[in-house]
Amino acid sequence: MDLRYKLGRVVRWSKRIGLLNAISFEVQQTLRRPVISFMHGSLGRRIHLRSSSSDIEVFEQIFIEDEFAIPLDSPKFIVDGGANCGLASLYLAVRYPGAKIIAVEPNAENCALCVRNTRGMNVEVVRTAIWSSSTRLKIENPGDAPWSFRCVEADAGDPAGFEACDLGSILSGRQCDLVKLDIEGAELELFKDTGWLKDVSAILVETHGDEADALVRRACAGWTISQSGEKLLLVR
């Protein structure tokens, strides 16, 4: 990565997290620290990102470009499906301090970092995957980067398997103000049965492929649809 890009990022980030904090990040990345920890000045808390993953790109999308700055009227309950390292949950918890957030993530490494990044916030981290039904899944591509893991159904005796549940079970009949979904193609499974939609007011989803995009749009026909960065925002 060239010096000009790094200097440009320091300038962009310093406006949000503070100059010294932006420099601290760049120094740690240059030193190739596996996990980069730095203060976010306006939040007054430390953030942890893996240097060899998409964490840095996601941080920029959420905290610098404000991809999640969507209009919600005092939400009380939010589900973060595909929480990864917890950046979306942290952003939403800070933006909406009155909201209870459930961060759902199937990967153990991602979950551990999610807990670190949301510690002290009104966020409950649940290690499971969102699917069309309660079943057992496994990571289809365990050799890939944690942010890109995809799930497939696993045999009952597969040691790599873990529990998954349908979104209706997570909602438990509660009205949900926002469901954020970044579940690496599993929206094809999730939107097979849309009984849970009756309990949801808004969805922010990154669709993976034309088939998934069309399926989500059909399921939410009549909702207001707009674009927020790479994600679709669907509002009832």
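All values reported here derive from a predicted model rather than from experimental measurement.

Let us look at the overall build of the chain. Looking only at helices and strands, the chain features eight helices and 13 strands. Referenced to the eigenvectors of the C-alpha coordinate spread, the extents of the chain come out at roughly 50 × 45 × 35 Å. Taken over 236 residues, the chain has a buried fraction of 52%. Accessible surface, the chain as shown: approximately 11,000 Å² in total, 52% of it carbon and sulfur. If the 28 positive side-chain charges of the chain are averaged to one point and the 32 negative ones to another, these points end up 8 Å apart.

Turning next to the packing of helix α3 (residues 55-64) against helix α4 (residues 87-95). Working note: a packed helix pair is described by the angle between its axes plus the distance between those axes. It is the contact of α3 with α4, at a shortest axis distance of 10 Å, that shows an interaxial angle of 20°. As summarised for this structure, α3 and α4 are arranged roughly parallel, according to the angle between their axes. The crossing of α3 and α4 is right-handed. Where α3 abuts α4, its residues Asp55, Val58, Phe59, Ile62 and Phe63 lie against Leu87, Ala88, Leu90 and Tyr91.

With that settled, the discussion passes to the pattern of salt bridges. Scanning all chains against the criterion turns up 15 salt bridges. Across the pair aspartate 66 and arginine 16 runs a salt bridge whose closest N-O atoms are separated by 2.8 Å. With aspartate 66 in the loop between α3 and β3 (77-81) and arginine 16 in helix α1 (residues 3-17), this pair connects stretches of sequence that are 50 residues apart. Exposure remark for aspartate 66: the relative accessible area of 24% places this residue in the partly exposed category. Take arginine 16: its relative accessible area is 33%, and that puts it in the partly exposed class. One salt bridge connects aspartate 158 with lysine 138, and the closest N-O pair in it is separated by 3.4 Å. Placement of aspartate 158 in the loop between β8 (151-153) and β9 (162-166) and of lysine 138 in strand β7 (residues 135-139) is noted, with a sequence separation of 20 residues between them. Taking relative accessible area as the criterion, aspartate 158 reaches 17% and is therefore assigned buried. Linked through salt bridges whose partners overlap, the residues forming this network are Lys6, Arg9 and Glu26.

Read from one edge of the open sheet, seven strands run β5-β4-β3-β10-β11-β13-β12, paired in mixed fashion. Of all the strands in the sheet, just β5 (123-126) and β12 (224-228) have a single pairing partner and so form its edges. In this sheet, neighbouring strand axes are inclined to one another by 15° on average, regardless of whether the strands run parallel or antiparallel. Pairing geometry for β3 and strand β4 (residues 100-104), over five bridges, is parallel. Residue pairing for β4: phenylalanine 77 is matched across the bridge by lysine 100. Its contacts with the sheet place helix α5 (residues 108-118) against β4 and β5, and it is angled at close to 175° to β5.

Reading across the sheet, the four strands line up as β6-β9-β7-β8 and stay open at both edges, with mixed pairing between neighbours. The open sheet is flanked by β6 (129-131) and β8, the only strands paired with a single partner. Adjacent strand axes in the sheet meet at a mean angle of 50° when their direction is disregarded. Across three bridges, the pairing between β6 and β9 is parallel. Within the sheet, the bridge partner assigned to tryptophan 131 lies in β9 and is aspartate 166.

Criteria and cut-off values
Residues numbered from 1 in each chain as written. Predicted model: local features only at pLDDT ≥ 70, side-chain atom pairs only at ≥ 80, totals over all residues. Heavy atoms only, no water. Helix = DSSP H or I, 4+ residues; strand = E, 2+ residues; numbered from the N terminus. Buried < 20%, exposed > 50% of the residue type's maximum accessible area, 1.4 Å probe, protein only. Areas by Shrake-Rupley, 256 points an atom, 1.4 Å probe, with all protein chains shown as cover. Lys, Arg positive; Asp, Glu negative; His and termini not counted. Charge placed at Lys NZ, Arg CZ, Asp CG, Glu CD. Axes fitted to C-alpha atoms, helices over the stretch in contact; angles between N-to-C directions. Parallel < 35°, antiparallel > 145°, perpendicular 65-115°, else oblique. Left-handed = near helix turned anticlockwise from the far one by under 90°. Contact = heavy atoms within 4.5 Å. Salt bridge = Lys/Arg side-chain N within 4 Å of Asp/Glu carboxyl O. Pairing = 2+ DSSP bridges.

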